[in-house]
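Residue-level listing of the chains:
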Amino acid sequence: MKSCDIFCNVIDNYGDIGVCWRLAKKLANERNLNVRLWIDDLFSFAKLCSEVDITLDKQSCSGVEVCLWCKDFPEVQPAIIVIEAFACQLPSNYIEAMLHAELQPVWINLEYLSAEDWIQGCHALPSPHPSLPLTKYYFFPGFTDKTGGLLIESNLLARRDAFQSDVEQQRVFWKSLGVEMSSNDTLKVSLFAYENAALNGLFDVWADSPQPLLCLVPEGRVLPQIGAYFGDVAPSVGSEYVRGNLSVHVLPFVSQENYDLLLWACDVNFVRGEDSFVRAQWAGRPFIWQIYPQHDEVHHAKLDAFLSLYSTQLSESAQLAVSDLCAAWNKEADAGQLWSAFINAQVELNLHAKIWADALSKNNLALNLLDFCQNIGRIRAFENER
Ligand code: TRH
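Here is what the cut-offs are and how they apply
- Residues numbered from 1 in each chain as written.
- Predicted model: local features only at pLDDT ≥ 70, side-chain atom pairs only at ≥ 80, totals over all residues.
- Heavy atoms only, no water.
- 1 Å grid on protein atoms, 1.4 Å probe; cavity = no way out; pocket = protein on both sides within 12 Å on 5 of 7 lines; lining within 4 Å.
- Points joined across faces, edges and corners; volume = space filled by probe spheres on them.
- Nonpolar A, V, L, I, M, F, W, Y, C, P; charged D, E, K, R; others polar.
- Domains from an automatic or database assignment.
- Axes fitted to C-alpha atoms, helices over the stretch in contact; angles between N-to-C directions.
- Helix = DSSP H or I, 4+ residues; strand = E, 2+ residues; numbered from the N terminus.
- Parallel < 35°, antiparallel > 145°, perpendicular 65-115°, else oblique.
- Contact = heavy atoms within 4.5 Å.
- Core = buried A, V, L, I, M, F, W, Y, C linked by side-chain atoms within 4.5 Å.
- Buried < 20%, exposed > 50% of the residue type's maximum accessible area, 1.4 Å probe, protein only.
- Pairing = 2+ DSSP bridges.
- Expected span 1.5 Å × (residues − 1).
- Near = heavy atom within 4 Å.
- Polar contact = N/O pair within 3.5 Å; in protein donor to acceptor, adjacent residues only side chain to side chain.
- Areas by Shrake-Rupley, 256 points an atom, 1.4 Å probe, with all protein chains shown as cover.
- Sits in = over half its atoms within 2 Å of the grid points.

**Some thoughts on empty space enclosed by the protein**
Under the defined criterion, the tally for this structure stands at two cavities of 30 Å³ or more. Quantified by volume, the largest cavity comes out at close to 100 Å³. Around the largest cavity, the lining residues are Val-19, Leu-110, Leu-113, Pro-141, Leu-150, Leu-151, Glu-274, Asp-275, Val-278 and Leu-365. Taken together, the residues of the lining of the largest cavity sort by class into eight nonpolar, no polar and two charged. No fewer than three residues from each of domain 1 (3–150 + 363–385) and domain 2 (156–360) sit in the lining of the largest cavity. By volume, the second largest cavity is sized at about 40 Å³. As for the second largest cavity, its lining consists of Pro-286, Phe-287, Tyr-310, Val-322, Phe-342 and Leu-349.

Have a look at this one:
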């Protein structure tokens, strides 16, 4: 059986482990690999996977061997495929072991997702180690077929469609979260965000909107701001607020599987970072992306690159509605005044979101990665024979 070691260094938030965990499950459960996930922060991991016991250095979760990545890294036999996520530094004794392995592992650096053009030229490039006879390969997730594609589980879109067309499944889901869904014409909006000064303006507009709006907020960084808006110093899971036509419900931070259901069940999703941004696209519903802010401001170029790719097939008015609201949300400017244009484009955005997800789903990251590793393995075997 093929084996794979995935190394995950949690920098902050949940994106690093969110992506690694998804990839680990996919390779173990759908591609039958022996997967070890080395992670240096079990606390963050436990937030999105309730199976995890933070007191254990080694445990099995959903078919994956989860190991605490500690300073004194144990002597282990490297796997056939070694994935360092987001350029994290592998332990030196592990690199040493790769050097001496009978079959040299295929060493992959799984990069951050971007829609920028340059990644198409860098995807799959080799990067020879500066001093050792080892080569690592860059693997870039992305939106075009010149990139590594995106992580998607098998049948995900069919499961999504079944859920979205089944009122009973949705009712059971809302009930499991403790949410009373009062009327069908309520617009449901999920809000997963970093702190954002544009929130108050948006809430003001939602409170005055002709259509009732229910905003579902998973527990997280934006919570104090929500509390402040409604004059509550201690907002927490289960808190509910009402102003005009706006109701807000604070949800727990749910499992990744349930987070998908939340995105599928809502009409509009505010997402952030990397993984929730991808999941919002699989949801096939309009979304607003808050990109992970970087000190050198390079994230604005990343945002523009995505928006221009995403909106190519949209009418001019829908393009503007999406890009203006996204830009305002990311610049923490007045997003409220842009809401009505966005929601007026809802029918077109819904249609487009489904077509977009279908097209992207053909470029499956895990399958591409395995094909790539197999090719490298073949080339090496061929070179050894010569
Ligand atoms: O948490 P994030 O802001 O992560 C960020 C980004 O990945 C960023 O690129 C990276 O540099 C930085 O971390 C270090 O957002 P992201 O990527 O959406 O990850 C959130 C994960 O949490 C995702 O896997 C979905 C999951 N999630 C749940 O499982 N349950 C929930 O209730 C919610 C809201 C999210």
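**Considering the packing of helix α1 (residues 15–30) against helix α9 (residues 256–265)**
Interaxial distance between α1 and α9 falls to 12 Å at its minimum, and their mutual angle equals 105 degrees. Judged on the interaxial angle alone, α9 and α1 are roughly perpendicular. For the pair α1 and α9, the contacting residues are Gly-18, Trp-21, Arg-22 and Lys-25 in the first and Gln-256, Glu-257 and Asp-260 in the second. Taken together, the residues that form the contact of α1 with α9 break down as one nonpolar, two polar and four charged.

**Remarks on unusual backbone geometry**
Positive phi, close to 60 degrees, is recorded for Asn-32, a residue that is not glycine. One can find Asn-32 in the loop between α1 and β2 (34–39).

**Some thoughts on the nonpolar core**
Grouped together as the largest cluster of nonpolar side chains are 123 residues, with contacts concentrated most on Trp-21, Phe-45, Phe-203 and Trp-339. Examining the composition of this core, we find that eight residues originate from one element, α1, more than from any other. Composition of this core by domain shows at least three residues from each of domain 1 (3–150 + 363–385) and domain 2 (156–360). Contact partners of Trp-21, with chain neighbours within four places excluded, come to Leu-37, Phe-45, Leu-48, Cys-49, Cys-61, Ser-62, Val-64, Val-66 and Gln-256. Membership of the second largest hydrophobic core comes to 14 residues, among which are Trp-38, Cys-67, Met-98 and Trp-107.

**Section: the sheet that holds strand β8 (residues 135–139)**
The strand order across the open sheet built from eight strands is β3-β4-β2-β1-β5-β6-β8-β7, with neighbouring strands paired in mixed fashion. Of all strands in the sheet, those bounded by a partner on one side alone are β3 (58–61) and β7 (126–128). Along the sheet, successive strands turn relative to each other by an average axial angle of 25 degrees, direction set aside. Bridge analysis of strand β1 (residues 3–8) against strand β5 (residues 81–85) gives four bridges, and the strand direction is parallel. Bridging from a neighbouring strand, Asp-5 pairs with Val-82 of β5.

**Some words on helix α14 (residues 346–360)**
For α14, with 15 residues, the first-to-last C-alpha span of 21 Å sits near the 21 Å given by 1.5 Å per residue. Where α14 is buried, its residues contact α5 (156–164), β9 (187–191), α10 (275–282), α11 (299–310), α12 (316–331) and α13 (339–344).

**Remarks on the sheet that holds strand β10 (residues 213–218)**
Sheet architecture is open: six strands sit in the order β11-β12-β10-β9-β13-β14, paired in mixed fashion. Bordering the open sheet on either side are β11 (240–243) and β14 (287–290), each of which pairs with just one other strand. Averaged over all pairs of adjacent strands, the angle between strand axes in this sheet comes to 15 degrees, irrespective of strand direction. Here strand β13 (residues 268–272) runs beside β14; their pairing, made up of four bridges, is parallel. Its bridge partner lying in β14, Asn-269 is registered against Phe-287. The strands touched by α10 within the sheet are β13 and β14, with β13 carrying the most contacts at an inclination of about 155 degrees. The strands touched by α12 are β9, β13 and β14; relative to β14, the strand with the most contacts, the crossing angle is about 35 degrees.

**Thoughts on the site of the ligand**
As a matter of local geometry, the ligand sits amid 22 residues, with Asp-12, Tyr-194, Val-254, Asp-275 and Ser-276 nearest to it. The separation between an oxygen atom of the ligand and a polar main-chain atom of Tyr-14 is 2.9 Å. Separating an oxygen atom of the ligand from a side-chain N or O atom of Asp-275 is a distance of 2.5 Å. Computed on the free molecule, the ligand has an accessible area of 710 Å², of which 97% lies beneath the protein chains in the complex. Applying the majority rule of atoms within 2 Å of the grid points places the ligand in the largest pocket.

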